[in-house]
Amino acid sequence: MVGQTDVDDQQPELESELSRRGFEIHHSDAKAASNLWAATRSDVVILDLLAATAAGEREVFSSLAERLSRSGLSDHRPVIALADPSAADTFKETVANVDDVLYAPLTAAELVSRIDGLRRLTTMQTELARRTATAASFGVDLPEILPPGEIADANVLVVGEATHFLALETALSAHAVLVGAFTTDTAFDYLSRREFDAVIVALGADDAFDFVQDVRRNPLHFNLPLVVIGERGNEAETTTLFDAGASEVAAIAGAPGELAARLTAHIREFRFRQRLNAVYRHSRRHVICDGLTGLYTRGFLLTHLTRIIDDAERWEEPFTVAAFGVPAMDAINIEYGYPAGDLALRQLGNVIGQVVRGEDLAARFDGPRFAVVFTDTNMDAAETAARRIAAIAGNTAFSLDGGEAFSVDLWTGLAQFKPGDTPQSLIDRALAQTGC
């Protein structure tokens, strides 16, 4: 947290909530920030511009932002600025060299959401380079992709009253084509028939909460950006909406261009993830993927884990391996036949490959056992994702040629990377918990 001084009371309420959420906060003034950032291996740097009012103070922050943007460290550690919307014009040079700007009033939930979003974008870029290198070691050239640039052609669904739609159209017309749905039933109908880059939810807090939860239950829309129009600065309401699955809580009448900036940032991340998934689908035709399920092979998984471990040790970033097993596979083969068993494995591969994020790697380890590497993810977050995968698989009906339907239970196990781990030790530790 970089402010005018190195004291620890620059944003006391915000910092207290961040600490409660598990963040370790280091303080610095702008002049010493570069050295502290390198020494502490911080995950993110926050420039507190709220108290910087004099021209000299602004110049110090502008110089720091420029140095950080040129630093190789900035490739892995995002820089966020906190600013007063009324002073936005005075920080143009600083803002040009940071990854994101958040305007007051600001809640800890909003800041955590943006930190997570920026880190995911960095993780995606890193994982793309890693996966390309691993594929090349198997003689496979993956198509080159670049992160999305400026967003000017997005398709956005707006759920809410007509008055909200008109206000949003005015604010976003330069960046997106808006489609209005004045009821949630209409919104779900649109989502079932059309593809959107994002959804803006302009409903009351309770209705917004229910709608966001319902959207997230559909695996096809689990990563779709959901921007909720709500009351900025309300910590309780904001936290509840983020817990339900909102990507952002924003205000229509905020700083000039703020809503558009927030929306386009989420769309850029969403499109990049889609491009990563396209690389995954492309690679399914190659030797690096399992012929039955379409997931990556055991050999690719173990080779790729070596690269992930190297980066985790270098950048001190967490990652977790989840293992999945089908304990009833032998019984399924006996009762329904081996073709039905193969069909179940193929469909399980589709479920797992569809639900995981583009930056995560899903593989068939052997037989009825699968593995997913959740990059830049701690044990708690990986456990939530693994439970979601197992729940979706458990609610999927399997059958062969219209025969009797049957269900498949997935048993799960998790192993977070620890110094000294090898690819095989991680996999073994996760598989041991599945009992398969």
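Refer to the structure presented above.
Quick summary incoming for the structure in this document. Along every chain, residues carry numbers that run from 1 in the direction the sequence is written. pLDDT decides what is reported in this predicted model: residues at 70 or higher carry local features, side-chain atom pairs at 80 or more are listed and counted, and totals for whole chains, interfaces and linings draw on all residues regardless. Side-chain metrics in this entry use all non-hydrogen atoms of the structure; hydrogen atoms and water are not considered.

Segments assigned H or I by DSSP are reported as helices when at least four residues long, segments assigned E as strands when at least two residues long, and all are numbered from the N terminus. Helix and strand content of the chain: 15 helices and 14 strands. A 1.4 Å probe rolled over the protein chains alone gives each residue an accessible area, and that area as a share of the maximum for its type sets the label: buried under 20%, exposed over 50%, partly exposed in between. Put simply, the chain has 436 residues, and 50% of those count as buried. Residue-level accessible areas treat just the shown protein chains as cover; the underlying method is Shrake-Rupley with a 1.4 Å probe. Approximately 19400 Å² of the chain is accessible, and the part contributed by carbon and sulfur atoms is 49%.

Before going further, it helps to spend a moment on the pairing of strand S11 (residues 320–325). The side chains of a regular strand alternate between the sheet's two faces. With respect to burial, S11 is a largely interior element, six of its six residues being buried. Of the two faces of S11, the one lined by Thr-320, Ala-322 and Phe-324 and the one lined by Val-321, Ala-323 and Gly-325 are each fully buried. Examined bridge by bridge, S11 and strand S14 (residues 411–416) share six bridges and lie antiparallel to one another. Of the residues in S14, the one forming a bridge with Ala-322 is Leu-414. Two strands pair under a simple rule: DSSP has to find at least two bridges between them.

By definition here, a helix of n residues has an expected span of 1.5 Å times n minus one. An ideal rise of 1.5 Å per residue puts 26 Å on 18 residues; helix H13 (residues 338–355) measures up with 26 Å between its terminal C-alpha atoms. Within the sequence span of H13, burial applies to Ala-340, Gly-341, Leu-343, Ala-344, Leu-345, Leu-348, Gly-349, Val-351, Ile-352, Gly-353 and Val-355.

Counting through the fold element by element, Leu-301 comes out in helix H11 (residues 298–315). C-alpha of Leu-301 to C-alpha of Arg-364: the two residues are 63 residues apart in sequence and 8.6 Å apart in space. The contacts of Leu-301, once residues within four sequence positions are left out, are Leu-361, Ala-363, Phe-365, Ala-371, Val-373 and Ile-427. Here, residues are in contact when the closest pair of their heavy atoms is within 4.5 Å.

In space, the five strands of this open sheet follow the order S7-S6-S8-S9-S10, with parallel pairing throughout. Either end of the sheet is taken by a strand with one partner, and the two such strands are strand S7 (176–181) and strand S10 (248–250). The average undirected angle you get between the axes of adjacent strands in this sheet is 25°. Across three bridges, strand S8 (residues 198–202) lies against strand S9 (residues 226–229) in parallel orientation. Across the sheet, Val-199 pairs through a bridge with Leu-226, a residue of S9. The strands touched by helix H6 (residues 162–172) within the sheet are strand S6 (154–160), S7, S8 and S9, with S7 carrying the most contacts at an inclination of about 175°. The convention used is that axes are lines fitted to C-alpha atoms, helices contributing only their stretch in contact, and that angles between N-to-C directions extend from 0 to 180 degrees.

A word on helix H1 (residues 12–20). Taken residue by residue, H1 has Leu-14, Glu-15, Glu-17 and Leu-18 as its buried positions. Relative to the axis of H1, the buried residues are bounded by an arc of 160° and lie together on one face. Exposed side of H1, more than 90 degrees from the buried face: Pro-12, Glu-13 and Arg-20 are the residues found there. Where the residues of H1 are buried, they touch strand S4 (79–83), helix H5 (108–137) and helix H9 (235–244). This arc is built from the directions going out from the helix axis to the C-beta atoms.

What follows concerns the sheet that holds strand S12 (residues 361–366). Strand order across the open sheet formed by four strands is S12-S13-S11-S14, with antiparallel pairing between neighbours. Of all the strands in the sheet, just S12 and S14 have a single pairing partner and so form its edges. Going from strand to strand, the sheet's axes swing by 20° on average, the running direction of each strand aside. The sheet contact formed by S11 and strand S13 (residues 369–374) spans six bridges and is antiparallel. Considered in S13, the bridge of Ala-322 is made with Val-372. Contacting S11, S12 and S13, H11 runs over the sheet at an angle of about 130° to S12. Lying over the sheet, helix H15 (residues 423–434) contacts S11, S12, S13 and S14, oriented at roughly 145° with respect to S14.

So far we have only geometry, and geometry alone does not tell us how the molecule works.
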